[in-house]
Amino acid sequence: ARVGNLRGSDFWIAELHQDTPVQWRNAGARLNQELQIGEMHLSADGQVVYFHGLNPSGDVDLYAARWQDGEWSAAEPLAAVNTGETDGWPFVSEDGQELWFLRTYQGSPAIYRSRWSETGWSEADLIVSSFAGEPTLDTEGNLYFVHHFIADGMILEADIYWARRR
């Protein structure tokens, strides 16, 4: 949230010069106003940004945009992953082969995983159900996530859990 935003909280871009971010600029109307970009994750090579944003019906879906010629391409919805539910809060594994994200499951947030193949992202599998959110993997593939305790529609508590990859 800063002067120059197009909405309450925007995404901004900076160049890294000698370990210092410089030349800050707003990421633009396409991401910040049109799609109302939310939580995002940058691929390990910095060439693809995965994020959730509003779809034309006003629901939250997952999108990807590529860094090309010094700017982000038009955002593409992840059609194989998006459903009629809320799909968002992405995390992409370091090798780019797994997309972890949240989707509504039986009325609460749950963690899903999609796998990359030469045909694109697969349909997603339910991994952790019931009030689980914000998935993150370490370099060994262990899953970290937040578990929310919700009562009367309000988050009363949130704890961090982890699951070891076998």
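Quick note: structure is the one above.
All of these numbers come straight from a predicted model, not from anything done at the bench. (Residues numbered from 1 in each chain as written. Predicted model: local features only at pLDDT ≥ 70, side-chain atom pairs only at ≥ 80, totals over all residues. Heavy atoms only, no water.)

A. Broad picture of the pattern of salt bridges. All chains considered together, the criterion is met by four salt bridges. Its salt-bridge partner being D10, residue R7 comes within 3.2 Å of it at the nearest N-O pair. (Salt bridge = Lys/Arg side-chain N within 4 Å of Asp/Glu carboxyl O.)

B. Region of the structure containing the packing of aromatic side chains. Evaluation of the coordinates by the stated rule reveals six aromatic pairs. Relative to Y63, the ring of F51 has its centre 5.7 Å away and its plane inclined at 15°; by these criteria the two rings are stacked. With F51 in strand β4 (residues 48-54) and Y63 in strand β5 (residues 60-68), the pair connects residues that are 12 residues apart, well separated along the chain. Exposure remark for F51: the relative accessible area of 0% places this residue in the buried category. Take Y63: its relative accessible area is 5%, and that puts it in the buried class. Seen from their ring centres, F145 and Y161 are 5.9 Å apart, and the 15° between their planes marks the pair as stacked. With F145 in strand β14 (residues 143-151) and Y161 in strand β15 (residues 154-163), the pair connects residues that are 16 residues apart, well separated along the chain. Judged by relative accessible area, F145 falls into the buried class, the value being 9%. The cationic tip of R103 hangs over the ring face of Y112; the distance from NZ or CZ to the ring centre is 4.5 Å. (Phe/Tyr/Trp six-rings, centres within 6.5 Å; stacked < 30°, edge-to-face > 60°. Helix = DSSP H or I, 4+ residues; strand = E, 2+ residues; numbered from the N terminus. Buried < 20%, exposed > 50% of the residue type's maximum accessible area, 1.4 Å probe, protein only. Lys NZ or Arg CZ within 6 Å of the ring centre and 35° of its normal.)

C. Spatial organisation of the sheet that holds β15. With antiparallel pairing, the three strands of this open sheet are ordered in space as β13-β14-β15. Sheet topology places β13 (132-137) and β15 at the edges, where each strand pairs with a single neighbour. Recorded for the sheet is a direction-independent mean angle of 15° between the axes of neighbouring strands. For β14 and β15, the ladder comprises nine bridges, and the chain directions are antiparallel. When the sheet's bridge partners are listed, F149 is paired in β15 with E157. (Pairing = 2+ DSSP bridges. Axes fitted to C-alpha atoms, helices over the stretch in contact; angles between N-to-C directions.)

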